[in-house]
Amino acid sequence: MAKLYYQIILRKPANTYKMLINKPKFWNSSELTIWSIILYPISLIYLLISWLNKIKFSKKYKIPIICVGNIYLGGTGKTPLALEIFHILKSLGKKPGLVKKYYNYLEDEISMLKKKGEVFASKSRNDAIISLINSNKDVAILDDGFQDFSITKDFSIICFNQKEWLGNRMLIPSGPLREKLSSINRADCVIINGKKNDEIEQEIFKQNKNIKIYYSKYKPLEVESLKNKKIIAFAGIGNPLNFFSLLKENNLNLHNQFSFPDHYKYKKKDIDKLLIQSKKSDSI
């Protein structure tokens, strides 16, 4: 399917896979597109699998389980928020640990988190939580896992991006949603990365009138060192457009930008291309 920028590549061993995602533009289209229609039967299969996943025994643990999740695929700020909660709990004298489900394509993210906090990663989140408890931790923070019904959560946070919100409101792969907005009834609060938006809040309250809504924003560090310089920016994250917008909002001179799939493993030719572009345009 031409220009359909996502692929799922199965790898050994079983239960691990690499997902390279460069979000298709139609995911955020305000109008129904031909691609969404073509992919709709697969979305129905995805919906059936999601329903079957809900029919699971849910295990309750002796320590609090905090889940930071989303229903919009990627780029909602889950991981930074989970890390911030980790640091807040540590400052309060708790002994928290971060829980990640292990996939090959997440090795970069897990390595990054280990430099910031204590991470327990496994192909099973339940196994990771047990390992966390055996290490004398007293709070588990799930970075993702809102759709994992095998774990009873004590507090669930759903993250959204204000600019993308629900995209075209369709389920994967016709759209970016892992679940419908009604799933917000399982959450305790919502964190929206971006500006206050009354329309979004009204939609949320229609589904869950008692839920708490909070807003967050990214604050770049050492911006002054980049002032008055021509910049080439590149990113291999869930929502690279937000990163580029952040640079512009801070009045940086963005000469060019390059988007790579989420969790992309850069090759030498990619770096060489960026360096050539930098040299040609006298950019950093």
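First, a word on scope: everything that follows refers to the structure included in this document.

About the cut-offs
Residues numbered from 1 in each chain as written. Predicted model: local features only at pLDDT ≥ 70, side-chain atom pairs only at ≥ 80, totals over all residues. Heavy atoms only, no water. Pairing = 2+ DSSP bridges. Helix = DSSP H or I, 4+ residues; strand = E, 2+ residues; numbered from the N terminus. Axes fitted to C-alpha atoms, helices over the stretch in contact; angles between N-to-C directions. Contact = heavy atoms within 4.5 Å. Phe/Tyr/Trp six-rings, centres within 6.5 Å; stacked < 30°, edge-to-face > 60°. Buried < 20%, exposed > 50% of the residue type's maximum accessible area, 1.4 Å probe, protein only. Disulfide = S-S within 2.5 Å. Right-handed = clockwise from strand over helix to strand, strands pointing away. Core = buried A, V, L, I, M, F, W, Y, C linked by side-chain atoms within 4.5 Å. Parallel < 35°, antiparallel > 145°, perpendicular 65-115°, else oblique. Left-handed = near helix turned anticlockwise from the far one by under 90°. Salt bridge = Lys/Arg side-chain N within 4 Å of Asp/Glu carboxyl O. Expected span 1.5 Å × (residues − 1). Patch = residues over 30% accessible without salt bridge, like charges linked within 9 Å, V, L, I, M, F, W, Y side chains within 5 Å. Areas by Shrake-Rupley, 256 points an atom, 1.4 Å probe, with all protein chains shown as cover.

## So, the sheet that holds strand β5 (residues 119-122)
Next, step 1: Taken in spatial order, the seven strands make up an open sheet running β5-β4-β6-β3-β7-β8-β9, and their pairing is parallel. Looking along the sheet, the strands with just one partner apiece sit at the ends: β5 and β9 (212-216). In this sheet, neighbouring strand axes are inclined to one another by 25° on average, regardless of whether the strands run parallel or antiparallel.
Next, step 2: Sheet topology note: the strand β4 (residues 96-101)/β5 ladder contains four bridges and is parallel. The partner of leucine 98 across the bridge, within β5, is valine 119.
Next, step 3: Here helix α5 (residues 198-207) sits on the sheet in contact with β8 (189-193) and β9, set at roughly 150° to β9.

## A look at the packing of aromatic side chains
Next, step 1: This structure, assessed with the given rule, holds seven aromatic pairs.
Next, step 2: Residues phenylalanine 160 and tryptophan 165 carry aromatic rings whose centres are separated by 4.8 Å and whose planes lie at 55° to one another, so their mutual orientation is tilted. For the residue pair phenylalanine 160 and tryptophan 165, the accessibility class agrees, reading buried in each case.
Next, step 3: Summarising the aromatic geometry, the rings of phenylalanine 243 and phenylalanine 244 are spaced 5.6 Å apart at their centres and angled 50° between planes, so their arrangement reads as tilted.
Next, step 4: Owing to a relative accessible area of 31%, phenylalanine 243 belongs among the partly exposed residues under this scheme.

## Overview of the state of the cysteines
Two cysteines whose sulfur atoms are joined by a covalent bond form what is called a disulfide.
Next, step 1: Enumeration over the complete set of coordinates arrives at zero disulfides.
Next, step 2: The cysteine cysteine 159 is free of any disulfide, with cysteine 189 supplying the nearest cysteine sulfur at 8.2 Å.
Next, step 3: The class of cysteine 159 is buried, set by a relative accessible area of 1%.

## Quick look at the pairing of strand β11 (residues 253-259)
Next, step 1: Where strand β10 (residues 230-235) and β11 come together, six bridges link them in parallel fashion. Across the sheet, isoleucine 231 pairs through a bridge with leucine 254, a residue of β11.
Next, step 2: Taking the sense of rotation as the criterion, the β-α-β connection linking β10, helix α6 (residues 240-249) and β11 turns out right-handed.

## Points about the nonpolar core
Next, step 1: Counting residues in each nonpolar core, the largest one holds 31 residues, and the members touching the most others are Ile65, Ile129, Phe160, Ile184, Val190 and Ile204.
Next, step 2: Those elements that place two or more of their residues in this core are β3 (65-70), α4 (125-134), β6 (139-143), β7 (155-161), β8 and α5.
Next, step 3: When residues in this core are grouped by element, the largest group, four residues, is from α4.
Next, step 4: Once you skip the residues sitting within four places of it in the chain, isoleucine 129 turns out to touch Tyr61, Ile65, Val99, Leu142 and Ile151.
Next, step 5: Counting residues in each nonpolar core, the second largest holds 21 residues, with Leu83, Ile110, Val139 and Cys189 among its members.

## Points about the packing of helix α2 (residues 78-91) against helix α3 (residues 107-116)
Next, step 1: At a closest axis distance of 11 Å, the pairing of α2 and α3 adopts a crossing angle of 20°. One way to sum up the angle between α2 and α3 is to call them roughly parallel. Between α2 and α3 lies a crossing whose hand is right-handed. From α2, Thr79, Leu83, Phe86 and His87 reach across to α3, where they touch Glu109, Met112, Leu113 and Lys116.

## Overview of the pattern of salt bridges
Next, step 1: Counting across every chain of the model gives 14 salt bridges.
Next, step 2: Between lysine 196 and aspartate 198 there is a salt bridge, and its shortest N-O distance comes to 3.8 Å.
Next, step 3: Under the relative-accessibility criterion, lysine 196 is labelled exposed at 58%.
Next, step 4: A cluster of three or more residues bridged by salt bridges with shared partners is formed by Lys100, Glu109 and Asp143.

## Examining α2
Next, step 1: Taking 1.5 Å as the rise per residue, α2 with 14 residues should run 20 Å; its terminal C-alpha atoms sit 20 Å apart, in good agreement.
Next, step 2: All buried positions along α2 are accounted for by Lys78, Thr79, Leu81, Ala82, Leu83, Ile85, Phe86 and Leu89.
Next, step 3: As for α2, its buried residues are in contact with β3, β4, α3, β6, β7 and β8.
Next, step 4: Positive phi shows up at glycine 93, right after α2, with a value of about 90°.

## Brief notes about a nonpolar patch on the surface
Next, step 1: On the surface, Leu32, Ile34, Ile37 and Ile38 cluster together to form a nonpolar patch covering roughly 410 Å² of accessible area.
Next, step 2: Along the chain, the position of leucine 32 falls in the loop between β2 (17-21) and α1 (34-53).
Next, step 3: By relative accessible area, leucine 32 is classed as exposed at 61%.

## Focus: the side chain of glutamate 109
Next, step 1: In this structure, glutamate 109 sits in helix α3.
Next, step 2: Judged by relative accessible area, which is 14%, glutamate 109 ranks as buried.
Next, step 3: The contact partners of glutamate 109, leaving out residues within four places of it in the chain, are Thr79, Lys100, Asp143 and His263.

Without other data, these values stay purely geometric and don't point to any function.
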